[in-house]
Amino acid sequence: MSEIFDNVTSYVNKVSGIMKLSPFEKELIHTPNRVIQVSFPLEMDDNSKRVITAYRVQFNNARGPYKGGIRFHHHVNMGEVKALAFWMAIKCAVVDIPFGGGKGGVVINPKELSHGEIERISRGFMRAMHQFLGPDVDIPAPDVYTTSQVMDWMRDEYEKITKTSSPAVITGKSLKNGGSLVRDVSTALGGAMVLRELMAEKKLTMKDASVAVQGFGNAGQNMAKILDSWGCKVVAVSDSKGGIYNKAGLDIGAVIREKEKGTVTTFDAESISNEYLLELDVDVLVPAALADVITGKNASGIKAKVVLELANGPTSPEADRILSKAGVIILPDVLANAGGVTVSYFEWKQNKLGKSWSEEKITEELDKTMKSAFKSVSSMAMTHDTDFRTAAYILAIGRILEAEKSKGSEP
Ligand code: GLU
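Because the structure is predicted, anything quoted here is derived from the model rather than measured.

## A few points about helix H3 (residues 78–94)
Relative to the 24 Å expected for 17 residues at 1.5 Å per residue, H3 spans 24 Å between its end C-alpha atoms, a close match to the ideal helical length. Burial of H3 is extensive: 16 of the 17 residues sit out of reach of the surface. For H3, the capping residue at the N-terminal end is Asn-77, with a side-chain oxygen 3.1 Å from the backbone nitrogen of Gly-79. Following H3 by one or two positions, Asp-96 has its phi on the positive side, about 60 degrees.

Below, the structure is given as structure tokens:
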């Protein structure tokens, strides 16, 4: 499925036309610096052995060390990791933190593996990858199906190999192991803050705005929780097994308790499919799972007024065109989910300084960052009379090229 990287190419083509990039600049922006593939053996609980494949793409580090999560998923492939690494470079530039972009992936199905097997994979990944990583080189973090526990194991393995104390080699760690307050909710919280800014700009109110959330992992659950507590009406949520709907609003606390037992689908509410959820007539639709869920096939059925992309790459370029034409406002992934990496930056900074910041300080700093990123993107959109995604890319690519130029990259 290297087609996901075709989505990147399509967005870059559009933006480089608007920015009048030279062929060199365009190639510089959309070529990864380094693409790494490794394999390592895994001993299963039944003593059988498997070979595990993993990737890391270090896309661009003109603005600082490579930064980005590692996902555990059986569909992970190089094309996808390349696209995700590119989006990290754009994202870090949009929120103006001093990082470049990277991403990693391990081809496994975590749902079929035991706790012990996941630990051995996390450590195996670090043994195979450590020479490419480091607190000032490339700093991984959680992503789809990777937790703070996985980050803790990886940090421990890195420190054992390098015989150092290096808390800043990875972010999204547990609190007792150098993690940061707010990091676990930061992707969703940053997204909610961006939505709040948009609603204020459009003179709309959050109170009673209807919301549907597709995907009920860390980001989706916290988004539902936060928007519910801010007075929105979360009417539908879903996970990989299906969705639930209640026009009057779901009791989010109770739905989360149900999810802890396995799936939201056993909750007492009307059952709906994931496809149907995407087409609900709501104010805000939040794709919070995997890429490419809104495509040319279903985009014309989307009735939401705002699409807030908490997942990475949920909208294909064709769908993007259809939605923009229909007047749907898209808060693009590279802005809407950048709260996660922003608090990762705060965690990295705290580790470097040997300090712990309070929840209040972190929330305040995150708020400032998201507000200022939204303002910059929104004013860029105004200047170029374009949508938020194109504006975010123009802003980020401009910043990355400036950093490249200041280093004196030869044309
Ligand atoms: N995986 C998250 C993302 O896609 C967070 C990355 C990070 O914190 O480095 O933005």
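## Remarks on unusual backbone geometry
We note that Asn-47 has phi near 75 degrees; this positive angle belongs to a residue other than glycine. Tracing the backbone through its elements, the reader meets Asn-47 in the loop between strand S1 (34–43) and strand S2 (49–60). For Asn-47, a relative accessible area of 58% puts it in the exposed group. The backbone phi angle of Lys-163 is positive, close to 55 degrees, even though this residue is not glycine. Assignment of secondary structure puts Lys-163 in the loop between helix H5 (148–162) and helix H6 (186–201). On the basis of relative accessibility, which here comes to 75%, the residue Lys-163 falls in the exposed class.

## Topic: the side chain of Arg-155
For Arg-155, the location among the structural elements is in helix H5. Here Arg-155 falls in the buried class, since its relative accessible area comes to 13%. Sequence-distant contacts of Arg-155, defined by excluding residues within four places in its chain, comprise Ser-165, Ser-166, Pro-167, Val-169, Ile-170, Lys-173, Asn-177 and Gly-178.

## Comments concerning the nonpolar core
Of all hydrophobic cores here, the largest spans 97 residues; its most connected members are Val-237 and Leu-331. The dominant element in this core, judged by the number of residues it contributes, is H3, at 13 residues. Counting 27 residues, the second-largest nonpolar core is a separate cluster that includes Val-38, Ala-128, Phe-132 and Ile-170.

Reading guide: rules and limits
- Residues numbered from 1 in each chain as written.
- Predicted model: local features only at pLDDT ≥ 70, side-chain atom pairs only at ≥ 80, totals over all residues.
- Heavy atoms only, no water.
- Helix = DSSP H or I, 4+ residues; strand = E, 2+ residues; numbered from the N terminus.
- Expected span 1.5 Å × (residues − 1).
- Buried < 20%, exposed > 50% of the residue type's maximum accessible area, 1.4 Å probe, protein only.
- Polar contact = N/O pair within 3.5 Å; in protein donor to acceptor, adjacent residues only side chain to side chain.
- Contact = heavy atoms within 4.5 Å.
- Core = buried A, V, L, I, M, F, W, Y, C linked by side-chain atoms within 4.5 Å.

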